[in-house]
Amino acid sequence: MKKLAGKWLAAISGGPDSMALVDMCREKGMDIAAAHVNYHHRQQAEEEERYVRSYCRKYQIPCFVRDDPFVWNGNFEACAREWRYDFFAELVKKWNFDGVLIAHQEDDLLETYFMQKEKNLVPAWYGLKEENLYHGILVKRPLLKYTKQDLLQYCIDHKVKYYIDETNTDTSLSRNRTRLTLVSKMSRAERDAVLAEIEEKNTEKTERRNSVLSLMQDHRVSLDEYRKLEEEDRLCLLRLVIEPEEAQAKDKVTRKHLQEMDAVLMKQRDFVLPVHGEILVQKDGFFFMHAEIKPYTFIYHNAEELQAEVNKEYDLHPCFSIEPGKPSVYAVTLKEEDFPVTIRNFRKGDQISLRFGTKKAARFFVDRKIPRFLRSGWPVVINSGNEVILVPGIGCDKGHFSDRPVCNVVQYPQYKGDF
């Protein structure tokens with residue numbers, strides 16, 4: 001392994017790969033600290049933690065340990081990964097490390113590639129990348145040229161103690177199945193052939209990515225320009241929008257899912273497509289990722305509570321602000337009998353009585369070409385009689401209009417970029 005300049009945090013589990021990594025760094029005189037995560041999930045976890053601490057103490061390597069209770073929902077491996085990488089990111093930022101070193105090796109790279117193929121994923125990178133970002137920190141994998149056997153042999157030759165994770169033989173885990181039934185049985189020639197295949201795919205992916213990247217500005221892409229591309233270029237660009245390289249999505253999008261979204265983008269001008277807990281949306285002919293807008297309800301029991309919101313220096317509402325009253329289509333005059341006043345997001349069927357007749361909010365959205373993703377978060381003001389008395393942009397109802405309004409409720413978008 002090549003000696004790295006700078007100050008690095010090395011992830012250490014107690015297994016042969018990470019023990020070899022830390023010992024190589026130590027022997028080369030690198031400035032390192034170690035980070036260990038104990039999930040308390042296996043019987044020998046406590047013993048492994050004690051050994052990691054003793055090894056670091058012996059060689060005067062600063063050691064950080066995360067051993068608070070680990071609680072997860074869903075897939076254990078995915079949640080555990082996020083748990084430890086968040087810990088690494090916190091340490092890197094707090095102690096000004098150049099980044100974190102991870103002991104992934106050639107077998108891990110091959111396993112990842114075969115699993116990507118099995119799941120029909122369209123990843124940012126096939127296999128494992130030597131360097132990438134996680135929440136703004138550099139993640140470096142300096143051992144990708146070493147095999148699992150190379151690192152085991154290093155530990156034996158250098159008399160470095162290590163532990164074998166007993167769950168590595170659990171074939172109910174897909175990665176273990178791939179490792180035990182496929183990767184571990186490959187010859188050197190077979191490995192080299194697959195590695196060459198991976199390199200060729202990544203070279204093609206890089207060239208394609210660079211050719212379409214210029215079409216993305218501030219994470220947004222023109223729908224018209226997108227539609228001019230060939231399918232493979234469209235899918236590449238679409239994946240860049242929904243999964244930036246620095247993103248760490250737990251479940252990478254499949255090619256089939258990309259093609260389904262692409263079919264919508266090719267035919268529709270306005271859409272809301274859920275992906276990775278966010279939504280893919282469009283405005284003004286550009287599509288981009290946006291945080292999903294959740295339902296909200298705010299209740300003000302009297303004029304004093306409402307005025308307190310007007311006077312706040314920082315507004316914390318998700319989709320609107322309450323501002324001092326001045327005549328406009330955002331203004332409303334409230335009476336004592338209107339309280340409690342509720343401000344909530346638009347619901348199907350909302351309508352308001354105006355001087356010239358009743359106006360449906362949904363019709364207003366269509367007439368004004370309000371994008372679909374903004375409609376669900378649009379604020380509506382309701383009085384104590386459950387009447388809609390203000391829809392920002394349309395105005396207030398005929399019973400709550402004056403030239404001296406109490407307040408303005410202004411709808412505003414929350415998304416990456418400015419309208």
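Just so we're clear, the structure is a prediction, and the values are computed from it rather than from any experiment.

Chemist: Run through the packing of helix α7 (residues 188–213) against helix α9 (residues 231–242), naming residues and quoting values.
Modeler: Between α7 and α9, whose axes approach to 9 Å, the crossing angle comes to 75°. The angle between α7 and α9 places the two elements in the roughly perpendicular class. In contact with Arg208, Arg209, Ser211, Val212 and Leu213 of α7, α9 contributes Glu232, Asp233, Cys236, Leu237 and Leu240. Tallied by class, residues from the contact of α7 with α9 come to five nonpolar, one polar and four charged.

Chemist: Which residues make up the environment of Ser384, and what are the values?
Modeler: In this structure, Ser384 sits in the loop between β18 (379–382) and β19 (388–391). The exposure class of Ser384 is partly exposed, given its relative accessible area of 42%. C-alpha separation for the pair Ser384 and Thr342, spaced 42 residues apart in sequence, amounts to 7.9 Å. Residue contacts for Ser384: discarding those within four places in its chain leaves Glu337, Asp338, Phe339 and Pro340. A distance of 2.7 Å separates a polar atom in the side chain of Ser384 from the backbone oxygen of Glu337.

Chemist: How would you summarise the sheet that holds strand β1 (residues 7–11) if you had to cite specific residues and measurements?
Modeler: Reading across from one edge, β3-β2-β1-β4-β6-β5 is the order of the six strands in this open sheet, with mixed pairing throughout. If you trace the sheet from one side to the other, it starts and ends with β3 (63–66) and β5 (131–134), each paired once. This sheet shows a mean twist of 30° between the axes of neighbouring strands, independent of strand direction. Seen against the sheet, helix α3 (residues 76–95) touches β1, β2 (31–37), β3, β4 (99–101), β5 and β6 (137–140) and runs at an angle of roughly 145° to β2.

Chemist: Describe the environment of Leu390, with residues and values.
Modeler: Locating Leu390 in the fold gives a position in strand β19. According to the relative accessible area criterion, Leu390 is buried, its value standing at 0%. Taking the C-alpha atoms as reference points, Leu390 and Tyr330, separated by 60 residues in sequence, lie 7.6 Å from one another. Leaving out residues up to four positions away in the same chain, Leu390 has contacts with Val329, Tyr330, Ala331, Val332, Ile352, Val380, Val381, Gly395, Cys396 and Val409.

Chemist: With reference to specific residues and values, describe the pattern of salt bridges.
Modeler: The final tally for this structure, using the stated rule, is 28 salt bridges. One salt-bridge network, held together by shared partners, links Glu106, Asp107, Arg188, Arg191 and Asp192.

Chemist: I'd love a proper account of empty space enclosed by the protein, names of residues and values included.
Modeler: This model, assessed by the stated rule, comprises two cavities of 30 Å³ or more. The calculated volume of the largest cavity comes to roughly 40 Å³. If you go around the largest cavity, the residues you meet are Pro327, Ser328, Ala331, Val332, Thr333, Cys396, His400, Phe401, Ser402 and Pro405. Classifying every residue of the lining of the largest cavity gives six nonpolar, four polar and no charged. Lining the second largest cavity, in full, are Leu306, Ile322, Val332, Leu334, Val341, Ile343, Val381, Cys407 and Val409. Of all the elements in the fold, those that place two or more residues in the lining of the second largest cavity are β15 (341–345) and β21 (407–411). Considering only residue class, the lining of the second largest cavity consists of nine nonpolar, no polar and no charged.

Chemist: Give me helix α1 (residues 16–27): which residues, what numbers.
Modeler: In this model α1 runs 16 Å from its N-terminal to its C-terminal C-alpha over 12 residues, within 8% of the 16 Å that 1.5 Å per residue would give. With 10 of its 12 residues buried, α1 lies for the most part within the structure. When α1 is considered as a whole, its buried residues turn out to be Pro16, Asp17, Ser18, Met19, Ala20, Leu21, Val22, Asp23, Met24 and Cys25. The secondary structure elements touched by the buried residues of α1 are β1, β2, α2 (45–58), β4, α4 (106–118) and α5 (148–157). Just past α1, the residue Gly29 takes up positive phi, approximately 75°.

Chemist: Requested: an account of the side chain of Gln116, with residues and values cited.
Modeler: With respect to the helices and strands, the residue Gln116 is situated in helix α4. A polar contact is formed between the side chain of Gln116 and the backbone oxygen of Trp125, at a distance of 3.2 Å. If we skip the residues at most four places from it in the chain, Gln116 touches Leu121, Pro123, Trp125, Tyr126 and Gly127.

Chemist: Please give an account of the confidence of the model for the chain that cites residues and values.
Modeler: Note: predicted coordinates in regions of low pLDDT should not be interpreted at a detailed level. Mean pLDDT for the chain: 91, with 95% of residues reaching 70 or above. A low-confidence stretch, residues 414–419 stays under pLDDT 50, and its non-local contacts, those more than four residues away or across chains, total 14 contacts.

Chemist: Kindly report on the packing of aromatic side chains, identifying the contributing residues and their values.
Modeler: Within this structure, the stated rule accounts for 25 aromatic pairs. On the numbers, 6.3 Å between centres and 45° between planes, the contact of Phe87 with Phe88 is tilted. Across the pair, Phe88 and Phe87 agree in class, each one buried. Among the aromatic residues, those joined into a cluster by ring pairs are Tyr39, Phe70, Trp72, Phe76 and Trp83. Taking the ring centre of Tyr85 as reference, the NZ or CZ of Arg81 above it sits at 4.3 Å. Looking at Lys161, its charged tip hangs above the ring of Tyr51, at a distance of 5.3 Å from the centre.

So, how was this worked out
Residues numbered from 1 in each chain as written. Predicted model: local features only at pLDDT ≥ 70, side-chain atom pairs only at ≥ 80, totals over all residues. Heavy atoms only, no water. Axes fitted to C-alpha atoms, helices over the stretch in contact; angles between N-to-C directions. Helix = DSSP H or I, 4+ residues; strand = E, 2+ residues; numbered from the N terminus. Parallel < 35°, antiparallel > 145°, perpendicular 65-115°, else oblique. Contact = heavy atoms within 4.5 Å. Nonpolar A, V, L, I, M, F, W, Y, C, P; charged D, E, K, R; others polar. Buried < 20%, exposed > 50% of the residue type's maximum accessible area, 1.4 Å probe, protein only. Polar contact = N/O pair within 3.5 Å; in protein donor to acceptor, adjacent residues only side chain to side chain. Pairing = 2+ DSSP bridges. Salt bridge = Lys/Arg side-chain N within 4 Å of Asp/Glu carboxyl O. 1 Å grid on protein atoms, 1.4 Å probe; cavity = no way out; pocket = protein on both sides within 12 Å on 5 of 7 lines; lining within 4 Å. Points joined across faces, edges and corners; volume = space filled by probe spheres on them. Expected span 1.5 Å × (residues − 1). pLDDT = per-residue confidence, 0-100. Phe/Tyr/Trp six-rings, centres within 6.5 Å; stacked < 30°, edge-to-face > 60°. Lys NZ or Arg CZ within 6 Å of the ring centre and 35° of its normal.

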